[in-house]
Amino acid sequence: MQFRDYGKTGLRPSALGFGAMRLPKREDGTCDYDVSVPMLVKGLDLGITYIDSAWGYINGTSEVAVGRAIQGRDRGDLIISTKIPIRDIRGKEWRERLEIQLQRFDTPYIDIMHMHNLHWSQFEANGLGEGGCLEAARQAQQEGLIRYLAFSSHDTPENVVRLIETGEFDGVTLQYNLLDRSMEDPIRAAHARGLGVTVMGPVGGGRMAMWSPQQAQELWPDTIRSAPDLAIRWVLSNPEVSVALSGMNGLEMIDENVASAAHAEPLNAEENAAVQAMLGRLQSFANLYCTGCDYCMPCPNDVDIPGNFLLMNFHRVYGMTDYARANYAKLANGEKVNVRGHRTIEGLVASECIQCGECEPKCPQNIQIIDQLEEVAATLG
Ligand code: SF4
Ligand code: SF4
């Protein structure tokens, strides 16, 4: 595990942080402690020292799970990060929540307390002024109940920089990944001002998951094990990042992410080339961002529009051209095609489109369906 400076605080968290928002749940929506606590313990045993939770995660039970996992450990070795949203509260309610959180964690103090999903307007309305949340946070700091104050945000990059420049915060948690670099300027600004920088969503949510097929991995050098591996290492290649959070919910995932975060060196030239190839493919996917919503259906000529686009994306995004062509041929033969995990494609192939134009105005993604079907027919037919 590598350890990095968290701004000017003197904290040295593990570069991989355990995001406790996706811990396994029971049917009633609360955390399944029997499964979650051993997972957190395993993460700690493998060298993770930064755990991130929040007031609202898993109906408040994420914080309880973290509390159970840290019992018996040297508290000084751990960095507990959590959050309180200030959208509709002032300092009095903020303090009440903090006290509940300390009970949930069963710990005397929080290391990094965030204002959760903070917007500039909320900071002005509920953070500042007499009786505001900032005043309550300063009071809690004086009492030793929280050590450092941070914020997380999905506000505009300009407003995030404004929040950073108030000088009130020691750290910031922002979304940043291969597919979304919009917070690059705020990350630079935060680092320059000595704030710790935690990255949430390093793997880019579901959109990176599509890179799991074996065929996609053939695009990468052997040094990259998977899309999450590449994604975490890409985030940590930025020296301005202190911690990459991963919302881990499986034992295998913890092993894999810990191994990814062990690479102290940035991506090499070959690995960066793989990143570029991946981004190029994703760009072409963006041109045909069919969500499969079916709003364009039914086609009066019985063309399965989203089905044809799905096959096209297997070619464009995954590089699974043979698979896409074979299934297009099946469809052309009048057979149904069952794409596991996606949909059953039935109807006519793209080349049967008579260009009546009925479908195009119905597409919320503004896909040029006629042109794209022509391309599908030319490529897969
Ligand atoms: S333009 Fe083609 S795909 Fe669209 S409704 Fe007409 S025949 Fe069907
Ligand atoms: S309406 Fe557009 S996005 Fe929806 S299935 Fe049809 S082509 Fe795809």
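Now for a look at the structure at hand. Predicted model, so just to flag it, every value in this text is computed and none were measured. (Residues numbered from 1 in each chain as written. Chains lettered and ligands numbered in written order. Predicted model: local features only at pLDDT ≥ 70, side-chain atom pairs only at ≥ 80, totals over all residues. Heavy atoms only, no water.)

## Some points on the site of ligand 1
As a reminder, the rule being used: Nearness is defined per residue: one heavy atom within 4 Å of the molecule or strand is enough. For cavity detection a 1 Å grid was placed over the protein atoms alone, and a set of points counts as a cavity when a 1.4 Å probe fits there but cannot get out; an open set counts as a pocket when protein lies on both sides within 12 Å along at least five of seven lines, with lining residues being those that have an atom within 4 Å of a point. Just a note on the criterion: a molecule sits in a pocket or cavity if more than half of its atoms are within 2 Å of the grid points. Throughout, the ten residues Ala, Val, Leu, Ile, Met, Phe, Trp, Tyr, Cys and Pro are labelled nonpolar, Asp, Glu, Lys and Arg are labelled charged, and all others, Gly among them, are labelled polar.
Neighbouring ligand 1 are Cys299, Pro300, Asn301, Ile305, Cys353, Ile354, Gln355, Cys356, Gly357, Cys359, Ile370 and Leu373. Here ligand 1 occupies the largest cavity. For the shell around ligand 1, the residue count by class is 9 nonpolar, 3 polar and no charged.

## With respect to the packing of helix α13 (residues 305-316) against helix α15 (residues 369-380)
Each packed pair of helices is defined by two parameters, the angle between the axes and the distance between the axes. How we decide: Axis definition: a line fit to C-alpha positions, over the contact stretch in the case of helices; interaxial angles, taken between N-to-C directions, run 0 to 180 degrees. Strands are runs of DSSP state E lasting at least two residues, helices are runs of H or I lasting at least four, and both sets are numbered from the N terminus onward. Here roughly perpendicular refers to angles of 65 to 115 degrees, roughly parallel to angles under 35, roughly antiparallel to angles over 145, and oblique to all remaining angles. Each helix crossing is assigned a hand: it is left-handed if the near helix lies turned anticlockwise from the far helix by less than a right angle, otherwise right-handed if that turn is clockwise. Note on contacts: a residue pair is in contact if any heavy atoms of the two residues lie within 4.5 Å.
Running from amino to carboxyl end, α13 crosses α15 at an angle of 55 degrees, the nearest separation of the two axes being 10 Å. On the basis of their axis angle, the class for α13 and α15 is oblique. Relative to α15, α13 is oriented so that their crossing is left-handed. Taking contact as the criterion, the partners of Ile305, Asn308, Phe309, Leu311, Met312, His315 and Arg316 in α13 are, on α15, Ile369, Gln372, Leu373, Glu375, Val376, Thr379 and Leu380. Along the lines of polarity and charge, the residues of the contact of α13 with α15 split into 8 nonpolar, 4 polar and 2 charged.

## A look at the packing of helix α6 (residues 157-165) against helix α7 (residues 184-192)
One can describe the packing of α6 onto α7 by two numbers: an axis separation of 8 Å at closest approach and a directional angle of 10 degrees. The angle between α6 and α7 places the two elements in the roughly parallel class. Where α6 approaches α7, its residues Pro157, Val160, Val161 and Ile164 are matched on the opposing element by Pro186, Ala189 and Ala190. In terms of residue class, the contact of α6 with α7 is built from 7 nonpolar, no polar and no charged.

## Considering the sheet that holds strand β8 (residues 243-246)
Put simply, the test is: Between any two strands, pairing holds if DSSP finds at least two bridges.
If you trace the 8 strands once around the closed barrel, you get β1-β2-β3-β4-β5-β6-β7-β8, paired in parallel fashion. Averaged over all neighbouring strand pairs, the angle between strand axes comes to 25 degrees, with direction disregarded. As paired elements, strand β7 (residues 196-200) and β8 share 2 bridges and run parallel to each other. Pairing of Val199 across the sheet is with Ala244, part of β8. Along the sheet, helix α5 (residues 133-142) makes contact with β4 (110-116) and β5 (146-153), crossing β5 at roughly 150 degrees.

Everything listed here is a matter of geometry and, on its own, says nothing about what the molecule does.
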